[in-house]
Amino acid sequence: MYIAETVHPDIRASLTSLPGFAFSAGLSIIWILGYFWSYVAIAYVATIPSILLLVSFCFLPETPYWLIENGQEDEAIKSLTFFRQSSDNINDEINEIQQLHLEKEADKSSKSWTWTFSRFCSPTFLKPFSCIGVLSTLSTVNGNNVLANYITEFMEEAGSDIDPSVGPFAIGILRLTIVGIVPYFVQKMPPRPSFTLGFGLKGLFMALIATFYYFNDIDPKAAKMFNWTPLVMFILIYGVRTIGKDYSSAI
């Protein structure tokens, strides 16, 4: 919300995808550091971003939209000036925010709660809300977030000759690399096909992991030659997951 109400409209769509990139980058960095440091050291290090965030927000102004809505026009002008170059003409943008506020107030006064309720029950609202809700739910309950915590256990059970701690480290390196590439491609590729392809590949890789453990339970000796499967599949899953997650913010 803070990004949407402070950045210029011309770059607003690009910057609203920034939290997804930051989430992937932060998680990857923690996984990489976890290969070298203990969980106690990681816990201390993880407090630093929270402290920096708290301190940073003490020096940032409130959003122009909120200030206009609360009758603080002078402060809104100062806030918008802070987020724009000094040469930018902010008068048009301030007028646009004021106009939006007036339209919102007019809507509040002219529409009753029954109209609002009927609006929420209309297909215009329910159809996109349902689509987004279903997509978000399915992308969350597919188990990837939980399985990420057990990568080392998966590798140990597979009898992999690779050090299990290498798994999170390798995935962290891959995701950190992809995070630097995705911002370029996210503007070049259609979101819907890319989102579909990303989650389709994740489903395929998860199926291959399940298949490996199925045959591993039946004949561990025969499956030993494929004990690299969990690590490789998890690396691929979290590679496409980074792309799929970033595109999901556009849906």
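So, here's what we can say about the structure.

The rules behind the values
- Residues numbered from 1 in each chain as written.
- Predicted model: local features only at pLDDT ≥ 70, side-chain atom pairs only at ≥ 80, totals over all residues.
- Heavy atoms only, no water.
- Helix = DSSP H or I, 4+ residues; strand = E, 2+ residues; numbered from the N terminus.
- Buried < 20%, exposed > 50% of the residue type's maximum accessible area, 1.4 Å probe, protein only.
- Contact = heavy atoms within 4.5 Å.
- Polar contact = N/O pair within 3.5 Å; in protein donor to acceptor, adjacent residues only side chain to side chain.
- Phe/Tyr/Trp six-rings, centres within 6.5 Å; stacked < 30°, edge-to-face > 60°.
- Patch = residues over 30% accessible without salt bridge, like charges linked within 9 Å, V, L, I, M, F, W, Y side chains within 5 Å.
- Areas by Shrake-Rupley, 256 points an atom, 1.4 Å probe, with all protein chains shown as cover.
- Salt bridge = Lys/Arg side-chain N within 4 Å of Asp/Glu carboxyl O.

Quick look at the overall build of the protein now. Scanning the protein for helices and strands turns up 14 helices and zero strands. Of the regular secondary structure in the protein, the N- to C-terminal order runs α-α-α-α-α-α-α-α-α-α-α-α-α-α. Counting over 251 residues, the protein shows a buried share of 27%. For the protein, long-range pairs separated by at least 24 residues make up 71% of all intrachain contacts whose partners lie at least 6 apart in sequence.

With respect to the secondary-structure elements, Thr 229 resides in helix H14 (residues 229–248). Relative accessible area serves as the criterion here: at 9%, Thr 229 is assigned to the buried category. A polar side-chain atom of Thr 229 sits 2.7 Å from the main-chain carbonyl oxygen of Phe 226. Beyond its immediate chain neighbours, meaning those up to four positions away, Thr 229 contacts Leu 208 and Phe 212.

Our focus in this paragraph is the packing of aromatic side chains. Evaluated as defined, the whole model comprises seven aromatic pairs. Put simply, the rings of Phe 154, Phe 212, Tyr 213 and Phe 234 touch in pairs and so form one group of aromatic residues.

Nonpolar side chains collect at one region of the surface, where Met 225, Phe 226, Trp 228, Val 232 and Leu 236 lie side by side and expose about 460 Å² of accessible area between them. On the secondary structure map, Met 225 appears in the loop between helix H13 (220–223) and H14. Since its relative accessible area comes to 58%, Met 225 is described here as exposed.

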